[in-house]
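# Chains, contacts and geometry: an overview
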Amino acid sequence: MKEDLVISIGGSILLPEDEGVSSIESLADILSSGTDKYDLYIVTGGGRIARDYIGWGRALNADEATLDELGIATSRLNARLMIIALGKEVYPVPAKDFDEAVSAGNHYSIVTMGGTHPGHTTDAVAAMLAERLGAQRLINATSVDGVYTADPKKEEEAERLESLSYDRLIEIVSKNEGGAGPNVVFDPLAAEIVKRASIDTYVVDGNDMENLEKAIRGEEFHGSTVA
Ligand code: UTP
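These numbers were taken from a predicted model, which means no experiment stands behind them.

A tally of helices and strands in the protein yields nine helices and nine strands. Computed over the C-alpha atoms, the radius of gyration of the protein is 16 Å, within 12% of the 17 Å expected from 2.2 N^0.38 for a compact globule of 227 residues. In terms of overall dimensions, the protein has C-alpha extents of about 40 × 40 × 35 Å along its principal axes. Considering the protein as a whole, with its 227 residues, one finds that 50% of them fall into the buried category.

The structure is reproduced here in structure tokens:
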């Protein structure tokens with residue numbers, strides 16, 4: 001039996017600033033090369049497109065739930081682009097909910113999703129999907145190379161943790177402010193879900209494709225393991 005593997009890919013990894021489609025093409029190559037071993041469920045984030053739309057909506061005085069809907073729409077748009085890059089093995093539309101993702105997974109090697117409901121990020125979608133599938137592992141491909149004791153962009157003394165418990169992760173990610181728009185290394189709701197479902201969670205820098213491949217294969221990788 002193939003392993004069900006869920007990967008949460010930040011929008012900024014799919015489409016880095018000013019780099020065209022080279023990253024999404026490389027990601028698609030890596031991801032589709034593993035489908036003999038894994039059934040892949042890819043949840044894409046909204047990245048800078050979400051950030052722009054949420055900023056514009058906020059400037060127009062939209063409420064937070066409406067801003068969340070802009071984020072959801074952009075993450076689903078990014079999933080569409082991922083589908084184009086992945087080609088023929090993939091379910092041809094982003095699944096709207098977990099029922100659709102699970103049933104699509106019975107027929108396709110790769111299924112994508114974006115956001116679902118206001119109030120969380122696509123990391124939480126990935127965690128809920130992993131729980132639904134009974135997946136053992138979830139990979140969070142993000143823009144930092146692991147979970148730090150504090151925000152490494154703000155605090156020089158912040159240290160990367162090679163491995164940490166669910167409770168330590170929850171403690172670290174709960175310090176962040178709420179509101180629509182990308183911000184934290186891993187969504188606090190996602191952290192609660194991986195804890196209750198005992199899903200091993202790998203946090204890796206998604207810009208480092210070689211390293212991401214190692215994490216996918218279950219080999220030693222540079223990043224953080226939450227278990
Ligand atoms: P992302 O999942 O992209 O946020 O959702 P992120 O993980 O912080 O950002 P990147 O992509 O990794 O850089 C963007 C925004 O969309 C809304 C939230 O406002 C979120 O901050 N969203 C997304 C939802 O409300 N519900 C969802 O299920 C997904």
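Membership of the largest hydrophobic core comes to 38 residues, with the highest contact counts inside it found for Val-6, Met-113, Leu-129, Leu-138, Leu-169 and Phe-186. Examining the composition of this core, we find that eight residues originate from one element, helix α6 (residues 122–133), more than from any other. In this structure, Met-113 is in contact with Ile-42, Val-43, Thr-44, Ala-79, Ala-95, Lys-96, Asp-97, Phe-98, Ala-101, Val-125 and Leu-129, ignoring residues within four places of it in sequence. Counting 28 residues, the second-largest nonpolar core is a separate cluster that includes Ile-13, Ile-42, Val-204 and Ile-216.

Looking at the element boundaries, Ile-54 is found in helix α3 (residues 47–59). What makes Ile-54 buried here is its relative accessible area of 6%.

If you check the shell around the ligand, you find 22 residues, and the closest are Gly-46, Asp-68, His-117, His-120 and Thr-122. The backbone of His-120 places a nitrogen or oxygen atom 3.0 Å from a nitrogen atom of the ligand. Contact with the protein chains hides 94% of the accessible area of the ligand, taken as 580 Å² for the molecule alone. For the shell around the ligand, the secondary-structure elements that each account for two or more residues are α1 (11–14), α4 (64–86) and α6. By residue class, the composition of the shell around the ligand is five nonpolar, 16 polar and one charged.

Of the positions making up helix α9 (residues 209–217), those classed as buried are Met-209, Asn-211, Leu-212, Ala-215 and Ile-216. Projection of α9 onto a plane perpendicular to its axis shows the buried side chains occupying an angular sector of 160 degrees, all on one side. Those residues of α9 that are buried are in contact with β1 (3–9), α2 (22–32), β2 (38–44), β4 (137–142) and β8 (200–205). Gly-218, located one to two residues past α9, shows a positive phi value of around 80 degrees.

Let us look at the packing of helix α7 (residues 166–173) against helix α8 (residues 188–196). Contact geometry for α7 and α8: axes closest at 9 Å, N-to-C directions at 170 degrees. The angle between the axes of α7 and α8 places the two elements in the roughly antiparallel class. Contacts between α7 and α8 involve Tyr-166, Asp-167, Leu-169, Ile-170 and Val-173 from the first element and Pro-188, Ala-191, Glu-192, Val-194 and Lys-195 from the second. The residue inventory of the contact of α7 with α8, partitioned by class, reads seven nonpolar, no polar and three charged.

A positive phi angle, near 70 degrees, is found at Asn-61, a position not held by glycine. Tracing the backbone shows Asn-61 in the loop between α3 and α4. One non-glycine residue, Ser-198, lies in positive phi territory at about 50 degrees. Judged by its relative accessible area of 49%, Ser-198 falls in the partly exposed class.

Calculation notes
- All residue numbers refer to position in the chain's written sequence, counted from 1.
- In keeping with the predicted nature of the model, local features appear solely for residues at pLDDT of at least 70, side-chain atom pairs appear and are counted solely at 80 or more, and the whole-chain, interface and lining totals rest on all residues.
- The basis for the side-chain values is all heavy atoms of the structure; hydrogens and waters are excluded.
- The numbering of helices and of strands both runs from the N terminus, where a helix is a DSSP run of H or I of at least 4 residues and a strand a run of E of at least 2.
- Every radius of gyration here is taken over C-alpha atoms, with the globule rule written as 2.2 Å times N^0.38, N being the number of residues.
- Only protein chains enter the accessibility calculation, which uses a 1.4 Å probe. A residue is then buried if its area is under 20% of the maximum for its type, exposed if over 50%, and partly exposed in between.
- In these notes, a set of buried Ala, Val, Leu, Ile, Met, Phe, Trp, Tyr and Cys residues joined through side-chain atoms within 4.5 Å is what counts as a nonpolar core.
- The contact definition used throughout considers only heavy atoms, calling two residues in contact when any of these lie within 4.5 Å.
- Any residue with at least one heavy atom within 4 Å of a molecule or strand is counted as near it.
- What qualifies as a polar contact is a pair of N or O atoms within 3.5 Å, subject to a donor-acceptor requirement within protein and to the restriction that residues adjacent in sequence count only when both atoms come from side chains.
- In this description, accessible areas are obtained by the Shrake-Rupley approach with a 1.4 Å probe, and a residue is regarded as covered only by the protein chains that are shown.
- Under the grouping applied here, Gly and all other residues not named as nonpolar or charged are polar, the nonpolar ones being Ala, Val, Leu, Ile, Met, Phe, Trp, Tyr, Cys and Pro and the charged ones Asp, Glu, Lys and Arg.
- Here the arc refers to the directions that run from the helix axis out to each C-beta atom.
- Axis definition: a line fit to C-alpha positions, over the contact stretch in the case of helices; interaxial angles, taken between N-to-C directions, run 0 to 180 degrees.
- Here is the rule for angles: anything less than 35 degrees is roughly parallel, anything more than 145 is roughly antiparallel, 65 through 115 is roughly perpendicular, and the remaining ranges are oblique.

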